[in-house]
Amino acid sequence: MGSYALIVGAGPVGCTLAILLAQQGKRVHLLERRSDPRLVGAMGGRSINLALSARGLAALQRVGLRELILKDATAMSGRILHTKRSETRFIPYSSQAGRAIQSVNRGTLNLRLLERALSFPTVTCEFDCRVCDCDPIRGTVTAAGDGSPRVWEGDLIVGADGAYSAVRSVLEKRENFDYSQEWLTSGYKEIHLSPSVSGGWRMSNTGLHIWPRGRSMMIGLPNADGSFTCTIFWPWKGVNSFDSIRTTAEVTAYFQAEYPDFPALVPDLAAQFAANPTGSLVTVRCAPWSMGRAVLVGDAAHAIVPFFGQGVNAGMTGATLLADALARHGSDTAAALADYEREFKPHANAIAEMALANFVEMRSTTARHSFLLRKWLEHALHHVLGDRYLPLYEMISFTTIPYGEARARASRQWDRVVACLIALGGVGLALLVLAATMLLN
């Protein structure tokens, strides 16, 4: 038998799992289709920014990297909303001072995790290695690099290779495997906002910038070097879409109309728009997550859209739960894989649904007075009642309460708040009627 675990994908989730298994004394071999980032540099590409919150930080604590990663992170303590009149409004994420989500560079995070994984003598990695087949029953993976395809065999095959997982594509062809993908009708494109001449930020670095515009939006995340990674989310087709806005003149005119405070900050805006790729957004659902010796983790099992900032946090949480299940069940791998899926799948489904709902909130609801009023009320209740009233965002970003439990609790809490407001309104109306009657008599 070969390595204990063959992990396909050396991204943040695969490397996190490799470290956790190495800490248990297990042997791990990573198979990564990209080149070694220690030699070619951390690759940016699309979605180079990640939002780390309590769940991801808890996983980093487990692997001994929390403080190192936070040194290169930028804290975002709230949303900074930009209106079409170039006005801004800051909405804190929490009523508790000091609570913030962390903007981190994906390449830097991945590199630190990889270095940590390969510091264990029981962990090895094969780069420039594209998986072309696997056998979940025999526990083999066939991958091709520069030479002829090679075959590796292990006790466990882990598909940690993202939303377009090669391991999952093999499982999809097997009986009794359900798979669905839901494409968002909007795509995304990144725009880089460089630091100022003095090396500082051109906008406030204390929050996540959002330009909500109804059917579309733009966001901006600060980087440690003074730059921002800004991302536009527009419909693929229709009015004001990627399909209808293409030329330099169209891009310039649209940004000046919809994001009037932005073009002056990015002189090469039209050139970046033309050169940078446009990405798709997909939600992946599948079952079961394991078959034979193979198991899926992270986006390979439950890819979600990025609008709750939980993609990497959910993936790293899944990696820790899988490692813990394997430790609990010892040699009974089948029981461990079933336990991992049973424990986490309902919560992965829950955050997928919440992420889709949060897209609507971010692009349109955040601009409404009703949204601001509800946030104010929830923060006031949390400030007064403490943990007896926890807003949904608070639970998702600043606790490790399982996603499904957080959603159910938030719903119950808000139902009680609405009932109390109705009751108070009824009492107020009764007092008003009583007063009017007394005056008339």
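Above this text you will find the structure in question.
Conventions used here
- Residues numbered from 1 in each chain as written.
- Predicted model: local features only at pLDDT ≥ 70, side-chain atom pairs only at ≥ 80, totals over all residues.
- Heavy atoms only, no water.
- Helix = DSSP H or I, 4+ residues; strand = E, 2+ residues; numbered from the N terminus.
- Contact = heavy atoms within 4.5 Å.
- Polar contact = N/O pair within 3.5 Å; in protein donor to acceptor, adjacent residues only side chain to side chain.
- Axes fitted to C-alpha atoms, helices over the stretch in contact; angles between N-to-C directions.
- Left-handed = near helix turned anticlockwise from the far one by under 90°.
- Nonpolar A, V, L, I, M, F, W, Y, C, P; charged D, E, K, R; others polar.
- Pairing = 2+ DSSP bridges.
- Buried < 20%, exposed > 50% of the residue type's maximum accessible area, 1.4 Å probe, protein only.
- Phe/Tyr/Trp six-rings, centres within 6.5 Å; stacked < 30°, edge-to-face > 60°.
- Lys NZ or Arg CZ within 6 Å of the ring centre and 35° of its normal.
- Salt bridge = Lys/Arg side-chain N within 4 Å of Asp/Glu carboxyl O.

**Student:** Sorry if this is basic, but what is going on with the environment of Trp211 here?
**Tutor:** Of note, Trp211 is situated in strand S15 (residues 208–212). Residues Trp211 and Met362, 151 residues apart in the sequence, show an inter-C-alpha distance of 8.7 Å. Ignoring anything within four residues of it in the chain, the contact list for Trp211 reads His82, Met203, Ser216, Met217, Met218, Ile219, Gly220, Tyr259, Asp261 and Phe262. At 3.0 Å, the side chain of Trp211 forms a polar contact with the side chain of Asp261.

**Student:** How do you make sense of the packing of helix H10 (residues 311–329) against helix H11 (residues 333–363) when you look at a structure like this?
**Tutor:** Packed helix pairs are specified by the crossing angle of their axes together with the interaxial distance, meaning the distance between the axes. The interhelical angle for the contact between H10 and H11, taken along N-to-C directions, is 145°, at an axis separation of 8 Å. In the packing of H10 onto H11, the handedness of the crossing is right-handed. Two secondary-structure elements touch here, H10 through Ala314, Thr317, Gly318, Leu321, Leu322, Ala325, Leu326, Arg328 and His329 and H11 through Thr333, Ala335, Ala336, Leu337, Asp339, Tyr340, Glu343 and Phe344. Here the residues of the contact of H10 with H11 sort into 10 nonpolar, four polar and three charged.

**Student:** Where do I start with the sheet that holds strand S2 (residues 28–31) in this structure?
**Tutor:** The strands that make up a sheet pair up through hydrogen bonds in the backbone, lying either parallel or antiparallel. With respect to topology, six strands assemble into an open sheet ordered S8-S2-S1-S12-S21-S20, the strand pairing being mixed. Single-partner strands in this sheet number two, and they are strand S8 (123–126) and strand S20 (290–291). As paired elements, strand S1 (residues 5–8) and S2 share four bridges and run parallel to each other. Residue pairing for S2: Ala5 is matched across the bridge by Val28. Docked against the sheet, H11 engages strand S12 (156–159), S20 and strand S21 (294–296), running at close to 15° with respect to S21.

**Student:** Before we go on, may I ask you to explain the environment of Glu172 in this structure?
**Tutor:** As for its placement among the helices and strands, Glu172 is situated in helix H6 (residues 166–172). Given the relative accessible area of 30%, Glu172 is considered partly exposed. With residues up to four places along the chain from it excluded, the contact list for Glu172 reads Phe177 and Tyr179.

**Student:** Would you mind showing me how to read the packing of aromatic side chains here?
**Tutor:** Between two aromatic rings, the relevant description is the distance of the centres plus the angle of the planes. Within this structure, the stated rule accounts for 20 aromatic pairs. Centre to centre, the rings of Trp211 and Phe262 are 5.7 Å apart; their planes meet at 70°, and the pair counts as edge-to-face. Of this pair, Trp211 sits in strand S15 while Phe262 is found in the loop between helix H7 (248–258) and helix H8 (269–275), placing the two residues 51 residues apart along the sequence. Given a relative accessible area of 0%, Phe262 falls into the buried group. When the centroid spacing of 6.4 Å and the interplanar angle of 65° are considered together, the rings of Tyr393 and Phe398 count as edge-to-face. Through a chain of ring-to-ring contacts, the aromatic side chains of Trp211, Trp234, Trp236, Phe242, Tyr254, Phe255, Tyr259, Phe262 and Phe273 assemble into a single cluster. Above the plane of the ring of Phe273 lies Lys189, whose end atom (NZ or CZ) is 4.9 Å from the centre. Taking NZ or CZ as reference, Arg363 lies 4.7 Å from the ring centre of Phe359, over its face.

**Student:** For this particular structure, what's the right way to read the side chain of Glu394?
**Tutor:** Tracing the sequence through the fold places Glu394 in helix H13 (residues 392–398). Not counting residues within four places of it along the chain, the set of residues in contact with Glu394 comprises Tyr93, Ser94, Ser95, Gln96, Arg99, His382 and Thr399.

**Student:** How do you make sense of the pattern of salt bridges when you look at a structure like this?
**Tutor:** For side chains of opposite charge, pairing can occur when their charged atoms come near one another. Per the counting criterion, the structure on display carries 20 salt bridges. Among the ionic pairs, Glu361 bridges to Arg79, the shortest N-O distance being 3.1 Å. Of this pair, Glu361 sits in helix H11 while Arg79 sits in strand S5 (residues 78–82), and the two are 282 residues apart along the sequence. With relative accessibility at 4%, the residue Arg79 sits in the buried group. One salt-bridge network, in which partners are shared between bridges, spans Arg328, Asp339, Arg342 and Glu343.

The analysis is restricted to geometry; functional conclusions fall outside its scope.
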